[in-house]
Amino acid sequence: MENIVDKAELAIKSIRKPNKKNHDKLVIELKTNQIRKILTAVNILKNKVDIYKIAKSKEKKLDEELQMEIEFLRVNMSYQAGRDNLVREFIEKADLLNMVKDINGDIKAFENFCRYIEALVAFHKFYGGQE
């Protein structure tokens, strides 16, 4: 199993570009609010999954409705990527569309995906992402 923290750090490092004024310095042009749109959508689903887990504590898989909502994240992210090339690059480098596809209704996989998103936001801030 790959380390999602390392994967998140590498993804954020890969979107850094040389500063236009100081080529020795790397910057992240992607703004925090562009990532937060994705984080917000994920957090809304996380709350629904948490409620599902309480109601169905023995289940390892999500019901069809929640699976469809998680799959719809791919549509949401694709739309955001289509609107902005910086978001597209971020989504591609972070491999978000494939990661959502790989959840496949598995609760643990979804929880790991949530942690991955949180790590991406944290490393974005740490490496100087724009506000």
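Just so it is clear, the model here is predicted, and its values are computed rather than measured. (Residues numbered from 1 in each chain as written. Predicted model: local features only at pLDDT ≥ 70, side-chain atom pairs only at ≥ 80, totals over all residues. Heavy atoms only, no water.)

*Asks:* Any chance you could explain the nonpolar core here in plain terms?
*Replies:* Generally speaking, a soluble globular protein has its nonpolar side chains buried in company with each other. In this structure, Phe90, Leu96, Phe113, Tyr116 and Leu120 are the most contacted members of the largest nonpolar core, which totals 40 residues. Every element with two or more residues in this core is listed here: helix 1 (4–14), strand 2 (26–31), helix 2 (32–55), helix 3 (64–83), helix 4 (85–93), helix 5 (96–103) and helix 6 (107–126). In terms of residues, this core owes the most to one element, helix 6, which gives ten residues. Sequence-distant contacts of leucine 120, defined by excluding residues within four places in its chain, comprise Ala8, Ala11, Ile12, Phe90, Ala94 and Leu96. (Core = buried A, V, L, I, M, F, W, Y, C linked by side-chain atoms within 4.5 Å. Buried < 20%, exposed > 50% of the residue type's maximum accessible area, 1.4 Å probe, protein only. Helix = DSSP H or I, 4+ residues; strand = E, 2+ residues; numbered from the N terminus. Contact = heavy atoms within 4.5 Å.)

*Asks:* I would appreciate a short explanation of a negative patch on the surface in the present structure.
*Replies:* A contiguous patch of negative charge on the surface is contributed by Glu59, Asp63, Glu64 and Glu65. Relative to the helices and strands, glutamate 59 resides in the loop between helix 2 and helix 3. (Patch = residues over 30% accessible without salt bridge, like charges linked within 9 Å, V, L, I, M, F, W, Y side chains within 5 Å. Areas by Shrake-Rupley, 256 points an atom, 1.4 Å probe, with all protein chains shown as cover. Salt bridge = Lys/Arg side-chain N within 4 Å of Asp/Glu carboxyl O. Lys, Arg positive; Asp, Glu negative; His and termini not counted. Charge placed at Lys NZ, Arg CZ, Asp CG, Glu CD.)

*Asks:* I'm lost on the pattern of salt bridges in this one. Help?
*Replies:* Should their charged atoms come close, side chains of opposite charge can pair. Scanning the entire structure with this criterion turns up nine salt bridges. Linking lysine 17 and glutamate 89 is a salt bridge whose minimum nitrogen-to-oxygen distance equals 2.6 Å. With a gap of 72 residues between them, lysine 17 in strand 1 (residues 17–18) and glutamate 89 in helix 4 connect regions that are remote in the sequence. Classification of lysine 17 as partly exposed rests on a relative accessible area of 25%. For glutamate 89, a relative accessible area of 17% gives the class buried.

*Asks:* Quick question: what am I supposed to make of unusual backbone geometry here?
*Replies:* Most of the time, phi is negative for any residue but glycine, and the peptide bond is trans. Of note, the phi angle at aspartate 95 is positive, near 60°, even though the residue is not glycine. Inspection of the secondary structure puts aspartate 95 in the loop between helix 4 and helix 5. Not every positive phi belongs to a glycine, and asparagine 104 is a case in point at roughly 45°. Tracing the sequence through the fold places asparagine 104 in the loop between helix 5 and helix 6.

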